[in-house]
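Observations on the model geometry
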Amino acid sequence: MSVVAVIGAQWGDEGKGKIVDLLAEKADAVVRFSGGDNAGHTVINPKGEFKLHIVPSGIFYPRAACIIGNGVVINPGVLLQELDDLKARGVNVDNLHISDRAHLIMPWHILLDGLEEEKRGDGAIGTTKKGIGPAFADKTARRGIRVCDMLDPAVFKARLAIILAAKNDILTKVYNTAPLGLEAVFNEYWGYAQRLAHYIEDTTALVSDLVRKGSNIVLEGAQGSMLDPDFGSYPFVTSSSPLAAGACIGSGINPRRIDRVVGIFKAYTTRVGGGPMPTELKDDVGEYIRQHAHEYGATTGRARRCGWFDAVVGRYTTELNGFTNGILTRLDVLDEMENVKICVAYKVGDKTVEHFPADVEALDHCTPIYEELPGWKTSTTDMREAKKLPVNARKYVKRLEELIGCPFHIISIGPRREQSIVIKNII
Ligand code: GDP
Ligand code: IMO
Ligand code: MG
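For every chain, the first residue of the written sequence is number 1, and numbering continues from 1 along that sequence. Chains carry letters and ligands carry numbers; both start at the beginning, A for chains and 1 for ligands, and go up in the order they are written. Note on the predicted model: pLDDT of at least 70 is required for a residue's local features to be given, and 80 or more for side-chain atom pairs to be given and counted; whole-chain, interface and lining totals, by contrast, use all residues. Note: side-chain values were computed over all heavy atoms of the structure, leaving out hydrogens and water.

Remarks on the site of ligand 2
Throughout, the term near means that a residue has one or more heavy atoms lying within 4 Å of the molecule or strand in question. Within the structure, ligand 2 sits among 20 residues, and Lys 16, His 41, Thr 128, Gln 223 and Thr 238 are positioned closest to it. Polar contacts, as used here, are pairs of N or O atoms within 3.5 Å; protein pairs need one atom able to donate a hydrogen and one able to accept it. Residues neighboring in sequence count only if both atoms are side-chain atoms. Side-chain polar atom of Asn 38 to an oxygen atom of ligand 2: 2.9 Å apart, as the coordinates give it. In this structure, Thr 238 approaches ligand 2 through a side-chain N or O atom, which is 2.6 Å from an oxygen atom. Areas reported as accessible are Shrake-Rupley estimates using a 1.4 Å probe. Residue values count occlusion only from the protein chains shown. Protein contacts shield 98% of the accessible area of ligand 2, which totals 550 Å² for the unbound molecule. In this classification, the charged set is Asp, Glu, Lys and Arg, the nonpolar set is Ala, Val, Leu, Ile, Met, Phe, Trp, Tyr, Cys and Pro, and all remaining amino acids, among them Gly, are polar. Class assignment of the residues belonging to the shell around ligand 2 gives a composition of 7 nonpolar, 10 polar and 3 charged.

Brief notes about the environment of Glu 183
To qualify as a helix, a DSSP run of H or I must reach at least 4 residues; to qualify as a strand, a run of E must reach at least 2; elements of each kind are numbered from the N terminus. Secondary-structure assignment places Glu 183 in helix α6 (residues 182-196). Each residue is assigned to one of three classes by its accessible area relative to the maximum for its type, calculated with a 1.4 Å probe on protein chains only: buried under 20%, partly exposed between the two thresholds, exposed over 50%. The class of Glu 183 is partly exposed, set by a relative accessible area of 43%. Along the backbone, Glu 183 and Ala 161 are 22 residues apart, and their C-alpha atoms lie at a distance of 9.4 Å. A distance of 2.8 Å separates the side chain of Glu 183 from the side chain of Lys 157, its partner in a polar contact.

Remarks on unusual backbone geometry
Note that the residue after Tyr 234, namely Pro 235, is joined by a cis bond; omega there is 5°. Within the fold, Pro 235 resides in the loop between β10 (217-220) and α8 (244-251). With phi around 65°, Arg 142 is a residue other than glycine that occupies positive phi space. Classification of Arg 142 as exposed rests on a relative accessible area of 73%.

A short note on the packing of aromatic side chains
Centre distance and the angle of the planes are the two values used to describe a pair of aromatic rings. Two rings belonging to Phe, Tyr or Trp (six-membered ring only in the last case) form a pair when the distance between their centres is within 6.5 Å. Interplanar angles under 30 degrees mark stacking, angles over 60 mark edge-to-face geometry, and anything in between is tilted. Scanning the entire structure with this criterion turns up 11 aromatic pairs. Each ring, one from Phe 50 and one from Phe 60, has its centre 4.6 Å from the other, and the planes form 45°; the classification is tilted. Taken together, the positions of Phe 50 in strand β4 (residues 48-52) and Phe 60 in the loop between β4 and β5 (65-68) put the pair 10 residues apart, joining distant regions of the chain. Just as Phe 50 is buried, Phe 60 falls in that class too. For the pair Tyr 189 and Tyr 192, a centre-to-centre distance of 5.2 Å together with 75° between the ring planes defines the contact as edge-to-face. Of the two residues, Tyr 189 and Tyr 192 both sit in helix α6, 3 residues apart, roughly one turn of that helix. With respect to burial, Tyr 189 and Tyr 192 carry one shared label: buried.

Some points on the coordination of the magnesium ion (ligand 3)
Put simply, a metal with four donors set out as a tetrahedron has ideal angles of 109.5 degrees, and one with six donors set out as an octahedron has ideal angles of 90 or 180 degrees. Coordination partners: N, O, S within 2.8 Å of the metal, 3.2 Å for Na, K and Ca; water not considered, so apparent gaps in a site are possible. For the magnesium ion (ligand 3), the full set of protein donor atoms is Asp 13 (OD) and Gly 40 (O), at a range of 2.0 to 2.2 Å. With Asp 13 in the loop between β1 (3-8) and α1 (16-23) and Gly 40 in the loop between β2 (29-32) and β3 (41-45), the pair connects residues that are 27 residues apart, well separated along the chain. Among the residues examined, Gly 40 registers a relative accessible area of 12% and is labelled buried.

Some thoughts on the sheet that holds β10
Overall, mixed pairing links the 10 strands, which are arranged β9-β7-β5-β2-β10-β1-β11-β15-β19-β20 in an open sheet. The open sheet is flanked by β9 (200-201) and β20 (420-422), the only strands paired with a single partner. DSSP-based pairing: two strands are paired if at least 2 bridges between them are found. As paired elements, strand β19 (residues 408-412) and β20 share 3 bridges and run antiparallel to each other. Paired with Ile 411 across the bridge in β20 is Ile 421. Should any heavy atoms of two residues lie within 4.5 Å, those residues are considered in contact. Between the N-to-C directions of two axes lies an angle of 0 to 180 degrees, each axis being a line fitted to C-alpha atoms and, for a helix, fitted only over the stretch in contact. Of the strands in this sheet, β2, β5, β7 (96-99), β9 and β10 are in contact with helix α7 (residues 203-212), which crosses β5 at around 140°.

With respect to the site of ligand 1
With respect to spatial proximity, 18 residues lie near ligand 1, and among them Lys 16, Gly 17, Thr 42, Asp 332 and Ser 412 are the closest. Contacts to ligand 1 include Arg 304, whose side-chain N or O atom sits 3.0 Å from an oxygen atom. Between an oxygen atom of ligand 1 and a main-chain N or O atom of Ile 413, the distance comes to 3.5 Å. Contact with the protein chains removes 92% of the 590 Å² of surface that ligand 1 exposes when unbound. Elements that contribute at least two residues to the shell around ligand 1 include exactly α1 and β3. Among the elements that make up the shell around ligand 1, the one with the highest residue count is α1 (3 residues). When its residues are assigned to classes, the shell around ligand 1 shows 3 nonpolar, 8 polar and 7 charged. The domain limits used here are those given by an automatic or database domain assignment. Shared between two domains, the shell around ligand 1 holds at least three residues of each, these being domain 1 (2-100 + 200-261) and domain 3 (265-422).

Below, the structure is given as structure tokens:
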């Protein structure tokens, strides 16, 4: 019986969806605790290929309670569409639970996300334009609308009227765009509320109950640790914490209850959107990885920036999260490489830096210091035991473990559930 947090250890898209789907087989509950529909979690299992944005990746196991926690911002229209798509493909979604404390993404959040990005010009963050930043900003500024607020039409309309008046001032007077109509927004969201009402509850109480009963709980991270607003490459970050600490805040589970913190690492690095990425490869190797691994965003379809594994990042996120177990994904993508490189430090000016710096300018101008290892030139996708991996692949994995300070307990060598080498059971 254990509570396991699954955390992205890089800039997102590490393969959390695949791993949560794998671990959820033994879970009584899967809880999403941060982000919103900026996430895109790919799951490939016997039911098909799915890209989940807001529904937890445990949804394919009817016995697991799938909880959208209080720390998530929810666009109810997107959620309903995702549920309809899942149902149309024969997936039972009756086990979904939505926190009444979660905040709503409202139409102005999406408009403002786009308008603010446009205003940033060359300094654009490259957000997913799903309204995430503006929704979390309003939550913190205490002018958000929560899921529970939309359940009573009178309460909802009164709160909406006050907030919308202020937002319309910004839309019309700052951005010179058309205002939003109160009746139209109310009717749209009241419709969503009626369709979602039976999923909505106090999930904090539900989660506490599950913990007390000694259930297996998977806390499903979204984004990656380097997109954390405090510790990531600020301001090129997201707006909620993807870290293990965020799993407590966003689900209502206290820190003493988390038994294992599992870091998901891709065998190389990708990043989508703006901001520094020291190991980015703007050459044929980067292009080879992008094409060969089809590195295009699951949410926006944008090309992901690709580069070598960054062990400065890996060491940093292992410390920040306290990873007890690592999982290495997409090792197979490197199967054909002649040589593989690992960044072990950065050169910033004449200094060698081994700790991820706060200064984005320094990161933009740093030079990665690489160690080079020979490739293995053998397909690993059908291997199921670590000892069968080619010796050079094992050396690469071992060197990564040494550098980040965390052992890998699953090595993923393909997108399907069964393409996994389990070295030690995590649940
Ligand atoms: P997430 O956001 O962390 O869930 O990751 P994404 O779903 O956005 O991106 C990961 C991509 O890698 C998806 O297309 C997965 O199907 C795929 N994937 C996951 N693990 C592996 C693996 O070990 N090998 C390969 N080749 N693909 C993988
Ligand atoms: P998953 O869960 C990769 C990135 C965006 C942008 C920055 C801010 O699939 O790993 P936002 O819309 O959050 O305000 O955008 O964060 N980003 C992600 N990158 N994977 C994700 O989620 C991401 N969610 C947000 O590209 O750079
Ligand atoms: Mg993704």
